[in-house]
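One-letter residues, chain by chain:
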Amino acid sequence: EAAAAAATKATEAKTAATAAQKAASDTAARLATEQKQAADAAAQAKIAADAAVKATVEKVAAVEAATKASQDLAKVLADKAVLAEQAAKETDQTARAEIQKKIDEVTTKVEEVQKTVESATTKADAAVAAQATAVEAADVATKEAQTQATEAIDVKTESLVKTAEATKAVAAATVATK
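Fair warning: this is a prediction, and the values are worked out from it, not measured in the lab. (Residues numbered from 1 in each chain as written. Predicted model: local features only at pLDDT ≥ 70, side-chain atom pairs only at ≥ 80, totals over all residues. Heavy atoms only, no water.)

Give a detailed account of the side chain of Gln148, specifying residues and quantitative values.
Considering the arrangement of structural elements, one finds Gln148 in helix α2 (residues 93–177). Residue Gln148 is classed as buried on the basis of its relative accessible area of 10%. When near neighbours in sequence (up to four residues on either side) are disregarded, Gln148 contacts Glu34, Gln37, Ala38 and Ala41. (Helix = DSSP H or I, 4+ residues; strand = E, 2+ residues; numbered from the N terminus. Buried < 20%, exposed > 50% of the residue type's maximum accessible area, 1.4 Å probe, protein only. Contact = heavy atoms within 4.5 Å.)

For the pattern of salt bridges, give the residues involved together with the corresponding values.
The full count for this structure, using the stated rule, is eight salt bridges. We note a salt bridge from Lys22 to Asp26, for which the minimum N-O separation is 2.9 Å. Placement of both Lys22 and Asp26 in helix α1 (residues 2–89) is noted, with a separation of four residues, approximately one turn of the helix. By relative accessible area, which is 37% here, Asp26 ends up partly exposed. (Salt bridge = Lys/Arg side-chain N within 4 Å of Asp/Glu carboxyl O.)

In structure tokens:
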């Protein structure tokens, strides 16, 4: 009867050891998946961060271009104002006609520069929006990478616990079969 009880205990211990080993194996497989997901998320976060940096550089360049175009427009308008003042002071019709010709040329230049300002401003607005979107995407990707890393750490801890449990169960089964 004692031998039968010992045999039953040994069988139970072997069954428990097998179950513990399977749980440890399953957790180890989950760990591999979690680690891959964490690595993939980290790679995506890096790509998103690089895109945010690029978008920021493009934004700065576009804003600088818009600022320069606005400064150019201010200069051309100032030149036009100086010519208009000269024309108003000029009493000689021939000289006034020459100044008016210059004013007409500057007016054409003003129109060209205004188009450049509009284009540069539109590009700057688009670059600002793109940069904001890229930074937001980088933030989301970074948070996802942090979440995936935390999950991988949690599963690694679980895997270590299950492996320890399996080791104990195998030791118990070995003792029970002797």
